[in-house]
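These are the residues of each chain, in order.
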Amino acid sequence: MAASTLITVAPTGAEADKAQVPALPVTLDELVATAKECEAAGAAVIHVHIRDRTAQPTLDRALLTDTVAALRAGTDLIVQLSTGGAVTDGFADRLGVLDAAPDACSLTCGTVNFGDAVFSNPWTFIKELYQLTQERQVVPEFELFDLGHVATLHRLLGEFGPPAGGHVHCDLVMGVPGGMPGDVATLAAAVAALPAGATWSATGIGRTTLPVLFGALGAGGHLRVGMEDTLSFARGRPVARNAELVERAAELARLAQRSPMGPAEARDFLGIPARPA
Ligand code: KMH
Ligand code: ZN
């Protein structure tokens, strides 16, 4: 079992509406302030979606580049850009995310129903994105929303070899309406199917947040938390700040005798080179 816990914060996502969720960080200043607070609370990775001036999701490359620079200037966090974007984003724009030269990026290993929409990730797109991560040396995190995505991950590694950085780290995204359920039995089945040597984080969407968090800690996994995944801290109590989700995850990790990893240890763990001084 890992001696420490990697905590990723996913503070914004592409789905929540700022008008209904004022605490959601959508401007660059809000994002950097959130990132600093979450780093202090124990996060080592930030999974980033950005919004435009009207708080709508965007994959604008200049804004993504500015975001990477601002997060690097303000924190030591590993900057992981989303290549999933919003369900309405096209494949070319999603590939273009790598032009912002992040440390890491998400790479979803299959299509999944996503509420009333479809999050589209056909094999042709997956392999193109994967090869681009290898070419640009951007470390991918394999996002797995369903057990079939684990099979696709095996196929990807079998056909194209190991990722940039040489280490396979996955994120089980559980409880999406249309994906695998967020419960401990499913978590155990997904973990058992992962490639040998792979490490993993897990996150449970909405009310599956806590069962997945406790299950992941107990099974030796790592944690992703944040307002991308849940807007409720407890029944009837909205999340006030992303950092309170990180604080709770860090506290539970400490109770499990697996303290949060700092960003330098996390870079080593994920195969991401140290930032140039
Ligand atoms: N917003 C979802 C449609 C990712 O960041 O790579 C996709 C998503 C996954 O959030
Ligand atoms: Zn995301």
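Below is a summary of the structure that appears in this document. (Residues numbered from 1 in each chain as written. Chains lettered and ligands numbered in written order. Predicted model: local features only at pLDDT ≥ 70, side-chain atom pairs only at ≥ 80, totals over all residues. Heavy atoms only, no water.)

**Some points on the side chain of H49**
Okay, so step 1: Along the polypeptide, H49 turns up in the loop between β2 (45-48) and β3 (50-51).
Okay, so step 2: Among the polar contacts listed, one links the side chain of H49 to the side chain of S82, at a separation of 3.3 Å.
Okay, so step 3: A distance of 3.2 Å separates polar atoms of two side chains, one belonging to H49 and the other to E228. (Helix = DSSP H or I, 4+ residues; strand = E, 2+ residues; numbered from the N terminus. Polar contact = N/O pair within 3.5 Å; in protein donor to acceptor, adjacent residues only side chain to side chain.)

**Notes on helix α8 (residues 242-255)**
Okay, so step 1: For α8, built from 14 residues, the straight-helix expectation of 20 Å at 1.5 Å per residue is met to within 8% by its first-to-last C-alpha distance of 20 Å.
Okay, so step 2: Of all the 14 residues making up α8, 10 are buried; the element is thus mostly covered by neighbouring parts of the structure.
Okay, so step 3: For α8, the full list of buried residues reads N242, A243, E244, L245, V246, R248, A249, A250, L252 and A253.
Okay, so step 4: Against the buried residues of α8 lie β1 (7-9), α1 (28-41), α7 (209-218), β12 (222-225), β13 (232-234) and β14 (237-238).
Okay, so step 5: At the exit of α8 stands Q257, carrying a positive phi of roughly 65 degrees. (Expected span 1.5 Å × (residues − 1). Buried < 20%, exposed > 50% of the residue type's maximum accessible area, 1.4 Å probe, protein only. Contact = heavy atoms within 4.5 Å.)

**Topic: the coordination of the zinc ion (ligand 2)**
Okay, so step 1: Around the zinc ion (ligand 2), the donor atoms from the protein are H47 (NE2), H49 (NE2) and E228 (OE), and they sit 2.1 Å away.
Okay, so step 2: Mapping the donors of the zinc ion (ligand 2) onto the primary sequence yields the spacing H-x1-H-x178-E.
Okay, so step 3: For H47, a relative accessible area of 3% corresponds to the buried category.
Okay, so step 4: Residue H49 is classed as buried on the basis of its relative accessible area of 9%. (Donors = N, O, S within 2.8 Å, 3.2 Å for Na, K, Ca; no water.)

**Regarding the sheet that holds β1**
Okay, so step 1: Here 8 strands make up a closed barrel; going around it, the order is β1-β2-β5-β6-β9-β10-β11-β12 and the pairing parallel. On average, adjacent strands in this sheet sit at an angle of 30 degrees to one another, irrespective of strand direction.
Okay, so step 2: Here β1 pairs with β12 via 3 bridges, running parallel. Residue V9 lies in a different strand from β12, and its bridge partner there is V225.
Okay, so step 3: In the packing of helix α2 (residues 61-74) onto the sheet, the strands contacted are β2 and β5 (78-81), and the crossing angle to β5 comes to about 160 degrees.
Okay, so step 4: Across the sheet, α8 lies against β1 and β12, angled at about 170 degrees from β1, the strand it touches most. (Pairing = 2+ DSSP bridges. Axes fitted to C-alpha atoms, helices over the stretch in contact; angles between N-to-C directions.)

**Quick notes on the pattern of salt bridges**
Okay, so step 1: In this structure the tally under the stated criterion is 14 salt bridges.
Okay, so step 2: With a closest N to O distance of 2.5 Å, E37 and R241 form a salt bridge. Taken together, the residues span a long stretch of sequence, with E37 in helix α1 and R241 in the loop between β14 and α8 at a distance of 204 residues.
Okay, so step 3: Residue classification places E37 among the partly exposed residues on the basis of a relative accessible area of 35%.
Okay, so step 4: Owing to a relative accessible area of 31%, R241 belongs among the partly exposed residues under this scheme.
Okay, so step 5: We note a salt bridge from E228 to R224, for which the minimum N-O separation is 3.4 Å.
Okay, so step 6: The buried category is assigned to E228, whose relative accessible area is 19%.
Okay, so step 7: Accessibility expressed as a relative area gives 5% for R224, which makes it buried.
Okay, so step 8: Salt bridges linked by common partners bring E143, D171, R224, E228 and D229 together as one network. (Salt bridge = Lys/Arg side-chain N within 4 Å of Asp/Glu carboxyl O.)

**Examining the site of ligand 1**
Okay, so step 1: Near ligand 1 lie 13 residues; those nearest to it are E15, S82, G85, S106 and E228.
Okay, so step 2: One of the side-chain N or O atoms of S82 is found 2.6 Å from an oxygen atom in ligand 1.
Okay, so step 3: When ligand 1 is considered free in solution it has 300 Å² of accessible area, and contact with the protein chains removes 98% of it.
Okay, so step 4: Across the shell around ligand 1, the residue classes break down as 4 nonpolar, 7 polar and 2 charged. (Near = heavy atom within 4 Å. Areas by Shrake-Rupley, 256 points an atom, 1.4 Å probe, with all protein chains shown as cover. Nonpolar A, V, L, I, M, F, W, Y, C, P; charged D, E, K, R; others polar.)

**Regarding helix α9 (residues 263-270)**
Given 3.6 residues per turn, any residue in an α-helix points the same way as the ones three and four places further on.
Okay, so step 1: For α9, the set of buried residues is P263, A266, R267 and L270. The arc that holds every buried residue of α9, seen down its axis, measures 105 degrees, which confines them to one face. Along α9, exposed side chains directed more than 90 degrees from the buried face belong to A264 and D268.
Okay, so step 2: Looking at the buried residues of α9, the elements they touch are α1, β2, β5, β9 (139-144) and β10 (169-174). (Arc of directions from axis to C-beta.)

**What to know about unusual backbone geometry**
Okay, so step 1: The backbone phi angle of A101 is positive, close to 50 degrees, even though this residue is not glycine.
Okay, so step 2: With respect to the helices and strands, A101 occurs in the loop between α3 (91-96) and β6 (104-108).
Okay, so step 3: The partly exposed category is assigned to A101, whose relative accessible area is 43%.

**Some points on the packing of α7 against α8**
Okay, so step 1: At a closest axis distance of 10 Å, the pairing of α7 and α8 adopts a crossing angle of 35 degrees. Our pair here, α7 against α8, has a crossing hand that is right-handed. For the pair α7 and α8, the contacting residues are T209, L210, L213, F214 and L217 in the first and R248, A249, L252 and A253 in the second.
Okay, so step 2: Here the contact of α7 with α8 is built from residues that sort into 7 nonpolar, 1 polar and 1 charged. (Left-handed = near helix turned anticlockwise from the far one by under 90°.)

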